[in-house]
Amino acid sequence: MDTLDTLVVGAVAYTANVVPIWEGIREYFADSAVPMDFVLYSNYERQVDALMAGHVDVAWNTNLAYLRTVGLTNGGCRALAMRDTDLTFRTVLVAREGSGLKGLESVRGTRVALGSKDSGQARILPTKFLADAGITFADVSPVIFDSDVGKHGDTGRSELDALQAVLGDEADVAALGITTWQQLQQAGELGVEEVWTSPDYCHCNFTALSSLDEDRAEAWTSHLLAMDWDVPEHRRILELEGLRQWVRPQLEGYRSLEDAMREQEIPLTW
Amino acid sequence: MVSPTVALPVTPSRRAQLSIRLVDVVGRLAAGTTALVPVESPAEIEVVDTWCRGTGNSVLAVHPDAVEVYRGRLSDLDATLPPDRMPGRRLWLYTNFHCNLACDYCCVSSSPHADPRVLDVDTVTTLVAQARDMGATELFVTGGEPLMHPSIAEVLVACTAAAPTVMLTNAMLFRGARLRALESMPRESLTLQVSLDSATPGLHDQHRGAGTWARAVEGIRTARTMGFEVRIAMTIAHRNSDLEAQVARFTGSLGIPSEQLVVRYIAQEGEATTGIRLTRATLVPEVCVTAEGVWWHPVGATDPAMRVSSELLPLGPSIEAIREEYLDYRRRGDVLAASFPCA
């Protein structure tokens, strides 16, 4: 088998767990047509800079980092692959059980706990969904948690802070990403209930500049997509990264965040 | 994983606090590392356990006031050990402890004066049947000198009927009734493992007694003439490639291939005051039965710290206990390895 040049993937070290994840993925690619290595960044802004500068061939980006790359390159980039779970990401508004809150309109006039300014799921999109329903920050009392800025909400820290505010009666409603909400619920009945769930939107993807050689990109993507849940070694990595299957991107799922960034005038970098 | 307990239920708000802490703390862990999550009641332990099972994580240990959570799934024993090293795959039987020799490094202090502690034939028959049902595919008969067991022929019949058997012997008693007993054994399912520590009498006789080397070599020749497969076990203080090569060459001259040479290093057990120090946590178990109980490994078959149970039968629970304890050591070893960087 002919081997192409090693492809370098950038990822953000939002938790210590990314090290075994990427080491596992690198190992999976070791015998493939396109071996890969990885470089870790402390935040998504540095990672996007590195992709633009050609320091990495591919970046494992959040939805915000992807759209910023699209903006900074004037569309000169492409998404290679996503997790199946990235296709159906949602934001959930939750409140204490018995609050009587149900549906977006019921949130008007309440204290709404929102997460970090760079979190699509906990801040940017819930703000947009409320605005689409005619509810602006003037119509609610926002309680903002700008925790772990730079990680684009990956740590879930600001979502946990928002939920804690609801439990402590410092807020009435908290905006959570669906994965954080599902993880919390694994402990059983929490005394917290869903007020409203957003439509699906897309989350992370592997982003490459358009200049990346097509054959290398396709060879790497095809091998990634071949990871199999039923193979124990693959499954270990898939479980750690929170998916069952890698899939081809579906870009329409980024439309809502793209609109939100324009409406909220979120800059392409900060 | 967690013992059932009767306790007051955890309130939803307390469960929410626990859940937030779990998502936060475990979310920051690397796979294969652990964190302590404080709990205030047995019911909260159940909450943590439920959360772990639902999120692909694991409870490693339960302490009085905290649960040790492991990021990721704990592997089962099947995934951590090759099949031939699975505890219970081999069963060792100390048929007796008395011996015609009194070697200075004997790990179980056998000698002509040792209490025989004989395993009777009926017990052996039941043990090997139960071991086979639990997956045993190799049996090892040792002592003492097994040929001093009053019914060694019946013991070996019971063993070889259950699984291929290796008898460890000093090969010095191949005469009279014992020789006749040996002659009656099936060659295809019984291997004789003879102790030979050196290629010349010096080191062997120093540990085992004057004249023992010559008689052992004579016994090896006799066993081979009788058609038995013979392997050699050499016991030395520490790795010595020259000595090992000398013995390999010598046993080769007796017609025994080098792959049939087993080299063992003296362990600090029994009569040996120097040698490798072994504990249950540092020794891959090989289930061993004596008249006094079930043991972690044959090298420690008189060491109280190595005794798993004083009940010989049924054997199944002891094998299960050894597997579970060993798996726990493996998990903790992995955790330690992952949390003990070199720099």
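Residues numbered from 1 in each chain as written. Chains lettered and ligands numbered in written order. Predicted model: local features only at pLDDT ≥ 70, side-chain atom pairs only at ≥ 80, totals over all residues.

**Describing the interface of chain A and chain B**
Selection rule: What counts as a contact here is a pair of residues whose C-beta atoms, placed from the backbone, lie within 7 Å. A run of H or I in DSSP counts as a helix once it spans at least four residues, and a run of E counts as a strand once it spans at least two, with each numbered from the N terminus. The classification used treats Ala, Val, Leu, Ile, Met, Phe, Trp, Tyr, Cys and Pro as nonpolar, Asp, Glu, Lys and Arg as charged, and all other residues, Gly among them, as polar.
Contact with chain A, which involves 23 residues of that partner, is made by 24 residues of chain B. Here the side of chain A that touches chain B takes 4 residues from helix H5 (residues 157-167) of chain A, the largest share from any one element. Looking at side-chain class alone, the side of chain A that touches chain B contains 11 nonpolar, 10 polar and 2 charged residues.

**Overview of unusual backbone geometry**
Residues and elements named next belong to chain B. We apply this condition: With C-beta atoms placed from the backbone, the exposure class of a residue follows from how many other C-beta atoms lie within 10 Å of its own: 20 or more, buried; 12 or fewer, exposed; in between, partly exposed.
With an omega dihedral of -5 degrees, the bond running from Leu313 to Pro314 counts as a cis peptide bond. Counting through the fold element by element, Pro314 comes out in the loop between strand S12 (307-309) and helix H10 (316-338). Positioned with a positive phi, Arg117 is a non-glycine residue whose angle comes to about 45 degrees. Turning to its location among the elements, Arg117 is positioned in the loop between strand S4 (90-94) and helix H4 (121-133). We classify Arg117 as partly exposed; it has 19 C-beta atoms within 10 Å.

**Observations concerning the nonpolar core**
Quick reminder of the rule: For this entry, the nonpolar core is defined as buried Ala, Val, Leu, Ile, Met, Phe, Trp, Tyr and Cys residues connected by C-beta atoms within 7 Å.
Ranked by size, the top nonpolar core spans 100 residues in total, and within it Val94, Ala113, Ala162, Val166, Val173 and Ala174 of chain A together with Val48 of chain B carry the most contacts. When residues of this core are assigned to their parent elements, the largest contribution, 6 residues, is made by helix H1 (residues 12-27) of chain B. Once you skip the residues sitting within four places of it in the chain, Ala174 of chain A turns out to touch Val94, Ala113, Ala162, Leu163, Ala165 and Val166 of chain A. Core analysis: the next-biggest nonpolar cluster, separate from the first, contains 69 residues, Val124, Met172, Ile266 and Met306 of chain B among them.

**Some remarks on helix H2 (residues 44-52) of chain A**
Residues and elements named next belong to chain A. We count it as follows: Each direction from the helix axis to a C-beta atom contributes to the arc, which is the arc of those directions.
Residues of H2 that are buried include every one of Tyr44, Gln47, Val48 and Leu51, and no others. Each buried residue of H2 sits inside an arc of 100 degrees when the element is viewed along its axis, so together they form one side. At the C-terminal side of H2, Gly54 shows a positive phi close to 80 degrees.

**Digging into the environment of Gly191 of chain A**
Position of Gly191 of chain A among the secondary structure elements: in the loop between helix H6 (178-185) and strand S9 (192-197). A count of 15 C-beta atoms within 10 Å places Gly191 of chain A in the partly exposed class. For the pair Gly191 of chain A and Gly98 of chain A, spaced 93 residues apart in sequence, the C-alpha separation works out to 8.7 Å. The residues touching Gly191 of chain A, leaving out its near neighbours within four places in the chain, are Arg96 and Glu97 of chain A together with Pro12, Ser13 and Ala16 of chain B.

**With respect to the sheet that holds strand S3 (residues 66-70) of chain B**
Residue and element names in this part refer to chain B. Selection criterion: Following DSSP output, two strands are said to pair if at least two bridges run between them. Every angle, taken between N-to-C directions, lies between 0 and 180 degrees, and every axis is a line fitted to C-alpha atoms, over only the stretch in contact when it is a helix.
Pairing is antiparallel across the open sheet formed by 3 strands, whose spatial order is S1-S3-S2. Edge positions in the sheet fall to strand S1 (34-38) and strand S2 (58-62), since each of these pairs with one other strand and no more. Across the sheet, the axes of successive neighbouring strands diverge by a mean angle of 35 degrees, strand direction being ignored. Two elements, S2 and S3, share 4 bridges in a ladder whose sense is antiparallel. Paired with Ala61 across the strands is Glu68, a residue of S3. Relative to S1, H1 is tilted by about 160 degrees, and along the sheet it contacts S1 and S3. Relative to S2, helix H2 (residues 42-55) is tilted by about 150 degrees, and along the sheet it contacts S1, S2 and S3.

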